[in-house]
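The residues making up each chain are set out below.
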Amino acid sequence: KQWYQRRVRGDLMDRSHEPSMSQNISSSAITSLVPYRVSTKQVLLGVGDDFGTLHILEVPWSLRQPSANEVANMSAYFDRECSRIDYYKEREANRPSAGAGPSEPAIPLPLETDEEEEERLKKSFNSYLNMEKDFLVKLGLKRDDEPVALVH
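Peer 1: Sorry, what's going on with helix α4 (residues 114-139) here?
Peer 2: Each full turn of the α-helix corresponds to 3.6 residues, which orients residues three or four apart in the same direction. With 26 residues, α4 extends 37 Å from end C-alpha to end C-alpha; this agrees with the ideal 38 Å at 1.5 Å per step. Among all positions in α4, only Asn126, Leu129 and Lys133 are buried. Positive phi shows up at Gly140, right after α4, with a value of about 80°.

Peer 1: How do you make sense of the environment of Pro35 when you look at a structure like this?
Peer 2: Within the element layout of this structure, Pro35 appears in strand β3 (residues 30-39). Judged by its relative accessible area of 59%, Pro35 falls in the exposed class. The spatial distance from the C-alpha of Pro35 to the C-alpha of Leu45 is 4.4 Å, given a sequence separation of 10 residues. Discounting chain neighbours no more than four positions away, the residues touching Pro35 are Leu44 and Leu45.

Peer 1: What exactly am I supposed to notice about the side chain of Ser26 here?
Peer 2: Secondary-structure assignment places Ser26 in the loop between β2 (21-24) and β3. A polar atom in the side chain of Ser26 sits 3.1 Å from the backbone nitrogen of Ser28. Within the structure, the side chain of Ser26 is placed 2.8 Å from the side chain of Asp49, a separation counted as a polar contact.

Peer 1: Sorry if this is basic, but what is going on with the side chain of Asp49 here?
Peer 2: Tracing the backbone shows Asp49 in strand β4 (residues 42-49). With a relative accessible area of 5%, Asp49 lands in the buried category. There is a polar contact of 2.9 Å between the side chain of Asp49 and the backbone nitrogen of Thr53.

So, how was this worked out
- Residues numbered from 1 in each chain as written.
- Predicted model: local features only at pLDDT ≥ 70, side-chain atom pairs only at ≥ 80, totals over all residues.
- Heavy atoms only, no water.
- Helix = DSSP H or I, 4+ residues; strand = E, 2+ residues; numbered from the N terminus.
- Expected span 1.5 Å × (residues − 1).
- Buried < 20%, exposed > 50% of the residue type's maximum accessible area, 1.4 Å probe, protein only.
- Contact = heavy atoms within 4.5 Å.
- Polar contact = N/O pair within 3.5 Å; in protein donor to acceptor, adjacent residues only side chain to side chain.

The following block contains the structure:
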């Protein structure tokens, strides 16, 4: 799989879908990313994959030092995106009911509420914790009778 990182520059609106850098790391899925600051001049990134392999990458200077206006550019980008979302929500609310006029393309609505998404993520994470416990038991690193700290 590849790891992508996007750096904020003045061209964010034109190229926000493109990575500023890509690096082939593993043929299996990436399962974890852990940054580690060695010094003020060096940052390493530990990348774990589905095979259990740890890859250590050095983060380039241009990706760890903010550009002059990066915070302002990102803030403006998020403000524009929030305004765009609000505009489409308002537009959807003011649309005539179905069959009342010419059809416009439907604006996709969220498939689940925040609460539903949180519950789904909790279940998924608890499933992961149980799977991790089973794995550790098989390796002999944990007893089967030890409880799992599930998220509620």
